[in-house]
Amino acid sequence: MNDDVRNIVLGVIATALSGGVGWCARTYLWRRALRRKQAFFGLPTGSDCLFVVNRQMGGTDSSLHRNDAFALLEISALIKDCGATVQIITHEARQGFGERAEFCVGGPVSNARTAAHLSSMLPGVRVDVSGEPGPDRGAIGVGAETYRWEKGVAEYVLLARLTTGRGARPVFLLSGQTANSNQAGARYLARHHRSLARTYKDASFCLVLKVVNSDAYGPDVTELEADVTAAARTPAAATV
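Residues numbered from 1 in each chain as written. Predicted model: local features only at pLDDT ≥ 70, side-chain atom pairs only at ≥ 80, totals over all residues. Heavy atoms only, no water.

Trainee: Looking at this structure, I do not really get the overall build of the chain. What am I missing?
Mentor: Each helix and strand counted, the chain has seven helices and 10 strands in total. A total of 240 residues make up the chain; the buried ones form 43% of that total. The contacts of the chain with a sequence gap of at least 6 include a subset with a gap of at least 24, amounting to 65%. Here the chain displays about 12700 Å² of accessible surface, and carbon together with sulfur accounts for 54% of that area. (Helix = DSSP H or I, 4+ residues; strand = E, 2+ residues; numbered from the N terminus. Buried < 20%, exposed > 50% of the residue type's maximum accessible area, 1.4 Å probe, protein only. Contact = heavy atoms within 4.5 Å. Areas by Shrake-Rupley, 256 points an atom, 1.4 Å probe, with all protein chains shown as cover.)

In structure tokens form, the structure reads like this:
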């Protein structure tokens, strides 16, 4: 074997080895990212989760606003990426939590299960459910702060990850003032789940998100307004 042939053979071998190492490294990083994603959402491969749908405001109990349907699509993509399956149930379903991951969409007026989760796991959150015209209609209160809905200008949504103990699957709560803000919360979760997982790992959290100028931007421009985890988990009487 002359020098030219030997150099060609060595080059082929080196290329194959570097390609193999690169493939292994990419596969390792992809699997690690998938495991972290599955752990954050409580969705190991082959698992089942719940998606709790609310009713459309002013509609029948079985009606669903199209923005809430879009929120379902946003979350379904996350579930599919984790290799899990989803069961869609209505907000009036009576069952516990913790055995399966759950995504609960809609405020307490249109979703009875949201109202139950707020009462039992986020007792420091107050939502105006009266429906009376005025500046406090649909307002979200946490601690000393009140987040008021300004139609087309500012909408707010609570995004929470709630767990009840070690080994329990999380409940993700997206409680918005409008269907548009529900979708915005789902989109924010889809876009920022990696940073949320790094920040909170497997702990519970509760965030207030602000949807900016929805008349112009729909659910696309959403900002983190505040981390209200401590105040939201403290009973309202204790925060006065």
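There's plenty left to go through after this.
Trainee: Got a minute to help me understand the pairing of strand β3 (residues 101–105) in this structure?
Mentor: Each regular strand shows side chains that alternate between the opposite faces of the sheet. In terms of burial, β3 is largely enclosed, as five of its five residues are buried. Bridge count for strand β1 (residues 48–53) against β3 is four bridges, and the pairing is parallel. Pairing of V52 across the sheet is with C104, part of β3. Pairing of β3 with strand β8 (residues 171–176), which is carried by four bridges, proceeds in the parallel orientation. Within β8, the position partnered with C104 by the bridge is L173. (Pairing = 2+ DSSP bridges.)

Trainee: Help me out: how do you make sense of the side chain of T114 in this one?
Mentor: On the secondary structure map, T114 appears in helix α3 (residues 112–121). On the accessibility criterion, T114 (0% relative accessible area) is buried. Leaving out residues up to four positions away in the same chain, T114 has contacts with C104, G106, G107, P108, L173 and S175.

Trainee: What am I meant to see in the side chain of S47 here?
Mentor: Examined against the element boundaries, S47 turns out to sit in the loop between α1 (3–41) and β1. Classification of S47 as buried rests on a relative accessible area of 10%. From its side chain, S47 meets the backbone oxygen of P44 in a polar contact 2.6 Å long. Excluding anything up to four places from it in sequence, S47 contacts G83, A84, T85 and R169. (Polar contact = N/O pair within 3.5 Å; in protein donor to acceptor, adjacent residues only side chain to side chain.)

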